[in-house]
Amino acid sequence: MNRNEIEIYKILEPEKFYVSYVIMGTVACAKLYRKACFQKVRYPVGRLYEDAFVTYRILFELTGVAYVNTALYYYYSNPGGIMQRPFDLHYYDSIEARKERKEY
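On a predicted model such as this, the values are computed, not experimentally measured, just so you know.

## Comments concerning the packing of aromatic side chains
Right, on to step 1. The final tally for this structure, using the stated rule, is five aromatic pairs.
Right, on to step 2. When the centroid spacing of 5.1 Å and the interplanar angle of 75 degrees are considered together, the rings of Tyr56 and Tyr104 count as edge-to-face. Taken together, the residues span a long stretch of sequence, with Tyr56 in helix H2 (residues 51–59) and Tyr104 in the segment after helix H3 (91–103) at a distance of 48 residues.
Right, on to step 3. Take Tyr56: its relative accessible area is 1%, and that puts it in the buried class.
Right, on to step 4. Of the residues examined, Tyr104 reaches a relative accessible area of 48% and is grouped as partly exposed.
Right, on to step 5. When the centroid spacing of 6.3 Å and the interplanar angle of 40 degrees are considered together, the rings of Phe60 and Tyr104 count as tilted. Pair noted here: Phe60 is in the loop between H2 and strand E2 (65–67) and Tyr104 is in the segment after H3, with a separation of 44 residues, a long-range link.

And the structure:
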């Protein structure tokens, strides 16, 4: 499939996208970003759940979000990834990210 064959399902304002798809507004997976999105914002070094610290910030810098209702790539669940780990102190990184997001 080339880019001319991709059908845009809808274009939303960032706030409407965030409210309608709150989980998708905070995770990095299932998104394609332009390089320019990361000129002001960087992932925090040494944190787990690093996407939860920055994805919403990038989102609210945009003028619109194109939502494509087509599977264009697939998510690989890493057996050794953070989502498979037992609870530990790094879980508090996700709590800190939620706190920062609320303050934002």
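## Digging into the pattern of salt bridges
Should the charged atoms of two oppositely charged side chains come close, the side chains can pair.
Right, on to step 1. Within the structure shown, the criterion is met by three salt bridges.
Right, on to step 2. Between Glu61 and Lys40 there is a salt bridge, and its shortest N-O distance comes to 3.4 Å. Taken together, the residues span a long stretch of sequence, with Glu61 in the loop between H2 and E2 and Lys40 in the loop between helix H1 (14–20) and H2 at a distance of 21 residues.
Right, on to step 3. Its salt-bridge partner being Arg47, residue Asp93 comes within 3.9 Å of it at the nearest N-O pair. Linking Asp93 in helix H3 with Arg47 in the loop between H1 and H2, this pair joins segments that are 46 residues apart in sequence.
Right, on to step 4. Classification of Asp93 by relative accessible area gives buried; the value is 13%.
Right, on to step 5. Under the relative-accessibility criterion, Arg47 is labelled partly exposed at 30%.

## Things to note about the nonpolar core
Right, on to step 1. Membership of the largest hydrophobic core is limited to eight residues, which are Cys37, Phe38, Val41, Ala52, Phe53, Val54, Ile58 and Ala97.
Right, on to step 2. For this core, the leading source of residues is H2, giving four residues.
Right, on to step 3. If we skip the residues at most four places from it in the chain, Val41 touches Val54, Arg57 and Ile58.
Right, on to step 4. In this structure, Leu12, Phe17, Tyr56 and Leu59 belong to the second largest nonpolar core, which totals six residues.

## Looking at unusual backbone geometry
Right, on to step 1. Positive phi, close to 60 degrees, is recorded for Tyr49, a residue that is not glycine.
Right, on to step 2. Here Tyr49 is to be found in the loop between H1 and H2.
Right, on to step 3. On the accessibility criterion, Tyr49 (18% relative accessible area) is buried.

Cut-offs and rules
Positions within a chain are numbered from 1, following the residues in the order the chain's sequence is written. In view of the model being predicted, local features appear only for residues whose pLDDT reaches at least 70, and side-chain atom pairs are presented and counted only at 80 or more, with totals across whole chains, interfaces and linings using the full set of residues. Excluded from the side-chain calculation are hydrogens and water; included are all heavy atoms of the structure. Classification of ring pairs rests on two measures: the distance between centres of Phe, Tyr or Trp rings, Trp counted by its six-membered ring, which must be within 6.5 Å, and the angle between planes, read as stacked under 30 degrees, edge-to-face over 60 and tilted in between. Runs of H or I in DSSP of at least four residues are treated as helices and runs of E of at least two as strands, each being numbered from the N terminus. Working definition: with a 1.4 Å probe on protein chains only, accessible area under 20% of the residue-type maximum means buried, over 50% means exposed, and in between means partly exposed. A side-chain nitrogen of Lys or Arg and a carboxyl oxygen of Asp or Glu constitute a salt bridge if their distance falls within 4 Å. Take the buried residues of types Ala, Val, Leu, Ile, Met, Phe, Trp, Tyr and Cys, join any two whose side-chain atoms come within 4.5 Å, and each joined set is a nonpolar core. Residue contacts are counted whenever heavy atoms from the two residues lie within 4.5 Å of one another.

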